[in-house]
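What the coordinates show
Take a look at the letters that make up each chain.
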Amino acid sequence: MEQHQRAYNFNAGPAALPLEVLERAQSEFIDFRGHGMSIMEMSHRGAVYEQVHNEAKQLLKELFHIPDGYDVLFLQGGASTQFAMVPMNLLAAGKVGAYVHTGSWASKAIKEAELIGETRVIASTEADRFMRMPAPEEIVVPANAAYVHLTSNETIEGTQFAAYPDTGAVPLIADMSSDILCRPVDVSKFGMIYAGAQKNLGPSGVTVVIAKEELLANSPATIPTMLRYSTHYKNNSLYNTPSSFSIYMVNLVLQWLKDRGGLAQVERDNQAKAELLYGVIDSSGDFYRGCAARDSRSMMNVTFRLTDEELEKTFIKEAGEAGFVGLKGHRSVGGLRASIYNAVPYASCEALVQFMKQFQQKNG
């Protein structure tokens, strides 16, 4: 299938999947590798599914250079469930959950933690309308912190951490739902990384948790079984029926990333796409205005505005007619947003840049 036959997909999530992955899943959908049934129809206790499950874990460990002493869990409930699971499992009495407040998703994590135990916002960019990320030196860790939690990339505001703070012996926990695997990361700096799959890893339905085994092994017995990390750690994420098809798709996406040359090449590709879009914004005079501070601009979610909201509505309408999907900004902030996750082809970004230039010529 040629690229021009598919929509230019800039959705923020669920988001674009690689065409090669979709085609392979299509070819295996009815008869998975000669077993006479779809992987969706197989027992999660069987050897065929378990091989796919374990292969996905190993591929993630390989691609992300996950050190020894860490494990990978495949959970359900999205990052939103992790907002509660983190403090339920890790916020002990007498300790404080330390949070970095960077916008919409960080706010949701903070609100959930406040229901569980004592929390403290240790850095915030609210005074800057969350249009920048705090510098590492702005993040001061309390002596009694159980952990430090941050959101690596805010999809709604279009901001991303360029560098992460050193939290010493205090576990650093990151919601990387919208930028996991977009670039190499030193996983050893983190106690835990979690991510909903539906932006960079695969379809919705599975949430990946990467964590030090010591944080996973001994969850409090007072919380429900399914909300204990230890339940899933001790059962290889097979305590209950997993999201088997979503995990299979994650496996295919990870293989695709490996075939592309790994995360160093993925980062170069993502930088090229981001530079293309930010370039047309910055060279437009005041016609297009980038929302995020330049040193906090996201490689994944390019947010921008036009001079008035009526013109933005015209932009969205005409873009839709030209085959561009997902360019309307989040309802909480308005404006425009192009999400350019790993699977969004460079050619789609080129097409959007051409449309933006033509739209400016007509309306500038």
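Here is what the cut-offs are and how they apply
Residues numbered from 1 in each chain as written. Predicted model: local features only at pLDDT ≥ 70, side-chain atom pairs only at ≥ 80, totals over all residues. Heavy atoms only, no water. UniProt positions renumbered as here; feature names shortened; annotations may be inferred. Helix = DSSP H or I, 4+ residues; strand = E, 2+ residues; numbered from the N terminus. Rg over C-alpha atoms; globule rule 2.2 N^0.38 Å. Buried < 20%, exposed > 50% of the residue type's maximum accessible area, 1.4 Å probe, protein only. Contact = heavy atoms within 4.5 Å. Areas by Shrake-Rupley, 256 points an atom, 1.4 Å probe, with all protein chains shown as cover. Lys, Arg positive; Asp, Glu negative; His and termini not counted. Charge placed at Lys NZ, Arg CZ, Asp CG, Glu CD. Domains from an automatic or database assignment. Buried area = accessible area lost by both parts, 1.4 Å probe. Nonpolar A, V, L, I, M, F, W, Y, C, P; charged D, E, K, R; others polar. Polar contact = N/O pair within 3.5 Å; in protein donor to acceptor, adjacent residues only side chain to side chain.

- An unreviewed UniProt entry lists the protein chain under the name Phosphoserine aminotransferase, with Paenibacillus dendritiformis C454 given as the organism.
- According to the UniProt record, the Pathway (unreviewed entry) comment for the protein chain reads "Amino-acid biosynthesis; L-serine biosynthesis; L-serine from 3-phospho-D-glycerate: step 2/3."
- In its Subunit (unreviewed entry) section, the UniProt entry covering the protein chain states "Homodimer."

1. Things to note about the overall build of the protein chain
- Scanning the protein chain from N- to C-terminus turns up 10 helices and 14 strands.
- On C-alpha atoms alone, the protein chain measures out to a radius of gyration of 21 Å, which is about the 21 Å that the 2.2 N^0.38 rule sets for 364 residues.
- Over its C-alpha atoms, taken along the principal directions, the protein chain stretches across nearly 65 × 55 × 30 Å.
- Burial statistics for the protein chain: of 364 residues in total, 54% are counted as buried.
- In the protein chain, once contacts between residues fewer than 6 apart in sequence are set aside, the share between residues at least 24 apart is 66%.
- Split by element, the accessible area of the protein chain, about 15500 Å² in all, is 49% carbon and sulfur.
- The centroid of the 33 positive side-chain charges in the protein chain is displaced by 3 Å from the centroid of its 40 negative side-chain charges.

2. So, the domain arrangement of the protein chain
- Split into domains, the protein chain comes out as domain 1 (23–259) and domain 2 (261–363).
- Placing a centre on the C-alpha atoms of domain 1 and another on those of domain 2 gives a separation of 27 Å.
- Facing the 28 residues of domain 1 at the interface are 26 residues of domain 2.
- Taken together, the two surfaces of domain 1 and domain 2 that pack against each other cover about 2000 Å², and 56% of this comes from carbon and sulfur.
- Broken down by secondary-structure element, the contributors of at least two residues to the side of domain 1 that touches domain 2 are strand S6 (153–154), strand S7 (159–160) and helix H7 (244–259).
- Tallied by class, the residues present in the side of domain 1 that touches domain 2 amount to 12 nonpolar, eight polar and eight charged.

3. Details of the UniProt feature "domain: Aminotransferase class V" (unreviewed entry) in the protein chain
- In the UniProt entry, the feature "domain: Aminotransferase class V" (unreviewed entry) is given for residues 8–345.
- Along residues 8–345 one finds 33% helix and 17% strand; the C-alpha atoms at either end are 9 Å apart.

4. Comments concerning the environment of Asn240
- Relative to the elements of secondary structure, Asn240 occurs in the loop between helix H6 (229–234) and H7.
- On the basis of relative accessibility, which here comes to 24%, the residue Asn240 falls in the partly exposed class.
- When the C-alpha atoms of Asn240 and His44 are compared, they prove to be 8.8 Å apart, with 196 residues separating the residues in sequence.
- Residues in contact with Asn240, not counting those within four places in the same chain, are His44, Gln76, Met226 and His232.

5. Some words on the UniProt feature "binding site: L-glutamate" (unreviewed entry) in the protein chain
- The sites that UniProt annotates as "binding site: L-glutamate" (unreviewed entry) are Arg45.
- Structurally, Arg45 is set in the loop between helix H1 (19–28) and helix H2 (47–63).
- Setting aside residues no more than four positions away along its own chain, Arg45 makes contact with Glu50, Leu238 and Tyr239.
- At 2.4 Å, the side chain of Arg45 and the backbone oxygen of Leu238 are in polar contact.

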